[in-house]
Amino acid sequence: MGNLCACFSPKKVKKKPSKRFSNPPAAAGSSSRWPRVRSSRKDKLDDALIQEQALAAAILFQRHQHNGSLPFDRSASLRYPAPAVSKKHSLPRSSSSRARSLTDPLLQPHQLVNQVILVGHDFGGTCISYAMELFPFKISKAVFIAAAMLSNEQSTLDMFSQQAGSNDLMRQAQLFLYANGNDHPPTAIDLDKSLLRDLLFNQSPSKDVALASVSMRPVPFAPVLEKLALSDINYGSIRRFYIETMEDNAIPIALQESMVNAKPPEQVFRLKGADHSPFFSKPQALHKQLVEISKLPST
């Protein structure tokens with residue numbers, strides 16, 4: 001900037017001697033203007049190349065717009081190979097790549113993977129029973145692990161009420177939550193944290209109990225009251241298996257056997273030394289039984 005300002009100064013400014021070492025004098029017959037000429041030519045060539053590239057990109061972009069195709073990919077994560085099937089049968093892209101559109105097709109049950117094995121624990125037994133009634137053709141087997149295995153027109157509350165008089169620990173641990181006020185029915189069920197170990201994890205390692213205690217959340221009460229309509233043609237057509245937990249204080253073995261006798265499954269497995277959370281107390285034995293059930297041949 002100092003040299004630039006000096007060009008417009010009306011007065012000559014005397015330069016002070018510099019302590020920097022000067023460049024050696026140019027050899028005879030040579031000129032110091034050639035390096036600057038070469039640098040100037042190189043800059044002009046670079047500018048021309050950039051202009052050509054920009055012009056080519058602009059022409060290509062206009063062609064893309066004219067043909068109705070997509071513009072350039074912004075990143076490799078947004079590139080999608082062209083599918084071999086027609087667009088009307090293709091599945092929607094991930095919602096992480098673009099916003100969903102009303103024109104996106106909804107996934108139907110027949111578009112899902114082949115038959116699956118459902119596994120339910122505790123209240124999860126009610127959940128998989130509901131799915132079994134809706135999509136029997138997509139489910140090959142259902143496994144109930146110390147879970148509610150209901151009969152037709154029975155609710156989870158009906159099942160648990162069978163042990164109301166015999167399980168004092170469950171009754172002591174239950175905490176009903178009234179989000180709509182005490183003059184309305186409860187909205188959720190929680191459990192007393194001080195009784196969790198004795199109720200759910202009486203055979204589980206302490207570190208697993210500590211993790212589970214901070215991860216647990218209240219259970220909505222409305223689904224517990226819902227009576228399920230389970231038909232023989234849908235729910236009854238699926239192969240059911242029950243895994244009993246022999247040291248269970250939440251759903252005692254007597255209640256588990258009562259459900260098994262009311263609606264006998266194809267086979268009953270027993271986990272000795274397992275509490276209500278066998279994935280903590282007996283994980284390897286549980287894994288072995290699940291693998292065994294999955295390998296049972298079709299009947």
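Residues numbered from 1 in each chain as written. Predicted model: local features only at pLDDT ≥ 70, side-chain atom pairs only at ≥ 80, totals over all residues. Heavy atoms only, no water.

The subject of this paragraph is the sheet that holds strand β4 (residues 188–191). The strand order across the open sheet built from three strands is β3-β4-β5, with neighbouring strands paired in antiparallel fashion. Whereas interior strands pair on both sides, the edge strands pair on one side only; in this sheet they are β3 (174–177) and β5 (219–220). In this structure, β3 lies alongside β4, joined through four bridges in antiparallel fashion. Counted as the bridge partner of Leu175 is Asp190 from β4. (Pairing = 2+ DSSP bridges. Helix = DSSP H or I, 4+ residues; strand = E, 2+ residues; numbered from the N terminus.)

This part is about helix α11 (residues 283–294). Look at α11: 16 Å from first C-alpha to last across twelve residues, which is about the 16 Å you get at 1.5 Å a residue. Residues of α11 that are buried sit in contact with β2 (139–147), β6 (239–245), β7 (267–271) and α10 (278–281). (Expected span 1.5 Å × (residues − 1). Contact = heavy atoms within 4.5 Å.)

With that settled, consider the environment of Asn234. For Asn234, the location among the structural elements is in the loop between α8 (222–225) and β6. Placed 99 residues apart in sequence, Asn234 and Phe135 show a C-alpha to C-alpha distance of 7.7 Å. The contacts of Asn234, once residues within four sequence positions are left out, are Met132, Glu133 and Pro136. Looking at Asn234, its side chain comes within polar contact range of the side chain of Glu133, at 3.2 Å. (Polar contact = N/O pair within 3.5 Å; in protein donor to acceptor, adjacent residues only side chain to side chain.)

Sheet topology places β6 next to β7; five bridges connect them, and they run parallel. Looking across to β7, one finds that Tyr242 is bridged to Val268. Handedness of the crossover is the feature at issue here: the chain leaves β6, passes through helix α9 (residues 253–262), returns alongside β7, and the resulting connection is right-handed. (Right-handed = clockwise from strand over helix to strand, strands pointing away.)

As a further point, take α9. Every buried residue of α9 is accounted for by Leu255, Gln256, Met259 and Val260. In a view along the axis of α9, the buried residues occupy a sector of 140°, so they form one face of it. Relative to its buried face, α9 has exposed residues pointing more than 90 degrees away, namely Ala254, Asn261 and Ala262. Buried residues along α9 sit in contact with β2, α4 (156–161), β6 and β7. (Buried < 20%, exposed > 50% of the residue type's maximum accessible area, 1.4 Å probe, protein only. Arc of directions from axis to C-beta.)

Right, let's talk about the environment of Ser204 for a bit. Mapping Ser204 onto the fold places it in the loop between α6 (196–200) and α7 (206–215). Residue Ser204 is classed as buried on the basis of its relative accessible area, which comes to 5%. Counting along the chain gives 79 residues from Ser204 to Pro283, while the straight-line C-alpha distance between them is 10.0 Å. Setting aside anything within four residues of it in sequence, one finds Ser204 in contact with Arg197, Val209, Asp275, Ser277, Phe280 and Ser281.

Attention now goes to the confidence of the model for the protein chain. In regions of low pLDDT, the predicted coordinates are not meant to be interpreted in detail. Per-residue pLDDT for the protein chain has a mean of 79; in total, 65% of the residues score no lower than 70. When the elements of the protein chain are averaged for pLDDT, helix α1 (residues 2–7) gives the smallest value, 44, and β6 the largest, 98. Throughout residues 1–13 the model reports pLDDT below 50, and contacts reaching past four residues in sequence, or to other chains, amount to zero contacts. Within the model, the stretch residues 91–96 combines pLDDT values under 50 with nine contacts to residues more than four positions away or in other chains. (pLDDT = per-residue confidence, 0-100.)

This part covers the nonpolar core. If you look at the biggest cluster of nonpolar residues, it comprises 20 residues, and the most contacted ones within it are Met132, Phe144 and Met159. The set of elements that each furnish at least two residues to this core consists of α3 (124–134), β2, α4 and α9. The element that contributes the greatest number of residues to this core is β2, accounting for four residues. Excluding residues that lie within four positions of it along the chain, Met132 makes contacts with Leu118, Ile139, Ala142, Phe144, Asn234, Tyr235, Ile238 and Arg240. Judged by nonpolar contacts, the second largest core, of eleven residues, contains Ala173, Leu199, Leu200 and Ala212. (Core = buried A, V, L, I, M, F, W, Y, C linked by side-chain atoms within 4.5 Å.)

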